[in-house]
Amino acid sequence: PEPMSDRPPRIYIAGHRGMVGAAIVRALQRRAAPQGCEVVTRTHAELDLTDQRAVREFFAAEKPDQVYLAAARVGGIHANNTYPAHFIYDNLMIEANVVEAAFRNGVRRLLFLGSSCIYPRNAPQPMNEEALLTGVLESTNEPYAIAKIAGIKLCESYNRQYGLSHGIDYRSVMPTNLYGPGDNYHPENSHVIPALIRRFHEARRAGQPQVAVWGTGTPRREFLYVDDMAEASVHVMNLPHAVYAQHTRPMLSHINVGWGDDVSIAELARAVARAVGYAGEIVFDTSKPDGTPRKLMDSSRLHSLGWRAQVSLDDGLARAYQDFLASTPRSA
């Protein structure tokens, strides 16, 4: 639903300093059409989303028209295993506080950003939305996944109870593995693409003849450039209610957001080497674990809603490498 007045809509991005939140801000700024929009943000220091009273006061004062809920406590396997209580508590509190305060203050449109880890560990590939709650989760990030599943069900439950009476429409999108500007290039705590970018960059700079990549190189993974994720989020947020309802169900309403295809880790490593300009040999350390053989999302529901990813892996990696150089000046 459109805002009640002629003023531009006020859009609150929760988590605007994270990789996805920052990309959503960029997407909204690109779309600042005739009417435009007013983007509302708060840093963690300004607003602790786990603090219920602070969240309520913020919404009462700011009265946004739309909310993108991209804020979350995130981390890799090590962090998830070490701090499971932090991961489940913080994420449950963030989503519960934001959704309830949004509802209490008349927010009719909200988009919750989940994660592909909501699906069972052994879900059939490619994973479609119907796989939710059909099996056991991956144990290493189960608390985080449970919190993200709760976020989906929170949105669905508010829609079911208040959709007709209050005209609310709260939606959820589940991204595949994301990469791009704002990624974490930490040597130990980063995901596979930023880790490889750093490794190949340092090898090129040091003139190393070869780079070792963990595992056999055969597992397949899907990757989506983060600005594509942001564009998909804005697209889904602004779909007419009737269209969204036609492609979803009241208790199965989330939408996968993927590139639509996957690559082997070996192919990925070669693509990162090309982006970085590393010409040495790539070897595979088969003593190291491979992880799940395949993780691919079925994004056909999103495709039927009129959206497809645009940024190819090679283009995205080139942009990600430029971001790495800009964000770690000493490495250039």
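Conventions used here
Residues numbered from 1 in each chain as written. Predicted model: local features only at pLDDT ≥ 70, side-chain atom pairs only at ≥ 80, totals over all residues. Heavy atoms only, no water. Pairing = 2+ DSSP bridges. Helix = DSSP H or I, 4+ residues; strand = E, 2+ residues; numbered from the N terminus. Contact = heavy atoms within 4.5 Å. Buried < 20%, exposed > 50% of the residue type's maximum accessible area, 1.4 Å probe, protein only. Axes fitted to C-alpha atoms, helices over the stretch in contact; angles between N-to-C directions. Left-handed = near helix turned anticlockwise from the far one by under 90°. Nonpolar A, V, L, I, M, F, W, Y, C, P; charged D, E, K, R; others polar. Salt bridge = Lys/Arg side-chain N within 4 Å of Asp/Glu carboxyl O. Parallel < 35°, antiparallel > 145°, perpendicular 65-115°, else oblique. Phe/Tyr/Trp six-rings, centres within 6.5 Å; stacked < 30°, edge-to-face > 60°.

A. Looking closely at the sheet that holds strand S11 (residues 263–264). Read across the sheet, 3 strands follow the order S11-S8-S13 without closing on themselves; strand pairing throughout is mixed. Across the chains shown, the open sheet's two edge strands, defined by having one partner strand only, are S11 and strand S13 (294–295).

B. Quick peek at the side chain of Ser233. Secondary-structure assignment places Ser233 in helix H7 (residues 226–237). Ignoring sequence-local partners within four residues, the contact set of Ser233 consists of Ile24, Tyr68, Leu111, Leu113 and Val173.

C. The arrangement of the pairing of strand S3 (residues 66–69) in detail. Across the two faces of S3 the burial is the same, with Gln66 and Tyr68 and Val67 and Leu69 all buried. Two strands pair when backbone bridges link them, and strand S1 (residues 10–14) and S3 are joined in this way by 4 bridges, in the parallel orientation. Bridge pairing in S3 links Ile13 to Tyr68. With 4 bridges joining them, S3 and strand S4 (residues 109–113) adopt parallel strand pairing. Bridge assignment links Val67 to a residue of S4, and that residue is Leu110.

D. Representation of the packing of helix H1 (residues 19–30) against H7 within the structure. Relative orientation of the contacting elements H1 and H7 amounts to 60°, with a least axis distance of 8 Å. The two elements H1 and H7 cross, and the hand of that crossing is right-handed. Contact residues: Met19, Val20, Ala23, Ile24, Arg26, Ala27, Leu28 and Arg30 in H1; Val226, Asp227, Met229, Ala230, Glu231, Ser233 and Val234 in H7. Here the residues of the contact of H1 with H7 sort into 10 nonpolar, 1 polar and 4 charged.

E. Fine view of the pattern of salt bridges. Taken as a whole and assessed by the stated rule, the structure comprises 19 salt bridges. Across the pair Glu231 and Arg30 runs a salt bridge whose closest N-O atoms are separated by 2.8 Å. In this pair, Glu231 sits in helix H7 while Arg30 sits in helix H1, placing the two residues 201 residues apart along the sequence. Among the ionic pairs, Lys153 bridges to Glu156, the shortest N-O distance being 2.9 Å. Of this pair, Lys153 and Glu156 both sit in helix H5 (residues 142–166), 3 residues apart, which is roughly one turn of the helix. The exposure class of Glu156 is buried, given its relative accessible area of 2%.

F. Examining the environment of Arg204 more closely. With respect to the helices and strands, the residue Arg204 is situated in helix H6 (residues 192–206). A relative accessible area of 39% means that Arg204 is categorised as partly exposed. In this structure, the C-alpha to C-alpha distance between Arg204 and Ala245, residues 41 residues apart in sequence, is 51 Å. In this view, Arg204 contacts Val276, Gly277, Tyr278 and Tyr321; residues no more than four positions away in its chain are not counted.

G. Fine view of the packing of helix H4 (residues 84–104) against H5. The geometry of H4 relative to H5 is characterised by a closest axis approach of 8 Å and an angle of 15° between their N-to-C directions. One way to sum up the angle between H4 and H5 is to call them roughly parallel. Judged by the sense of rotation from one axis to the other, the crossing of H4 with H5 is right-handed. Along the contact surface, H4 presents Pro84, Phe87, Ile88, Asn91, Leu92, Glu95, Ala96, Val99, Glu100, Phe103 and Arg104, while H5 presents Pro143, Tyr144, Ile146, Ala147, Ala150, Gly151, Leu154, Tyr158, Tyr162 and His166. Split into classes, the residues belonging to the contact of H4 with H5 amount to 15 nonpolar, 3 polar and 3 charged.

H. Just the side chain of Asp90, in detail. By the element assignment, Asp90 lies in helix H4. Not counting residues within four places of it along the chain, the set of residues in contact with Asp90 comprises Thr50, Arg73 and Ala85.

I. Structural detail: the packing of aromatic side chains. One pass over the full model with this rule turns up 11 aromatic pairs. Each ring, one from Phe103 and one from Tyr158, has its centre 5.7 Å from the other, and the planes form 70°; the classification is edge-to-face. Separated by 55 residues along the polypeptide, Phe103 in helix H4 and Tyr158 in helix H5 bring together distant segments of the chain. The same class applies to Phe103 as to Tyr158, namely buried. For the ring pair Phe200 and Tyr278, a centre distance of 5.5 Å and an interplane angle of 40° mean the geometry is tilted. Of this pair, Phe200 sits in helix H6 while Tyr278 is found in the loop between helix H9 (265–276) and strand S12 (281–285), placing the two residues 78 residues apart along the sequence. The exposure classification of Phe200 matches that of Tyr278, with both residues buried. A network of ring pairs unites the aromatic residues Tyr12, Phe58 and Phe59 as a single cluster.

J. Examining the sheet that holds S4 more closely. Taken in spatial order, the 6 strands of this open sheet run S2-S1-S3-S4-S5-S10, and their pairing is parallel. What marks the edges here is a single partner per strand, and that holds for strand S2 (38–40) and strand S10 (255–257). For this sheet, the mean angle separating the axes of adjacent strands, direction not counted, is 20°. Contacting S1, S2 and S3, helix H2 (residues 52–62) runs over the sheet at an angle of about 160° to S1.

K. Representation of unusual backbone geometry within the structure. Omega for the bond connecting Gln125 with Pro126 falls within 30 degrees of zero, at -10°, which places this linkage in the cis form. Position of Pro126 relative to the elements: it lies in the loop between S4 and H5. Even without being a glycine, Lys63 presents a positive backbone phi close to 45°. Residue position: Lys63 is located in the loop between H2 and S3. When its relative accessible area of 40% is taken as the criterion, Lys63 is described as partly exposed. Residues other than glycine seldom take positive phi values, yet Leu133 does so here, at roughly 65°. By the secondary structure assignment, Leu133 is in the loop between S4 and H5.

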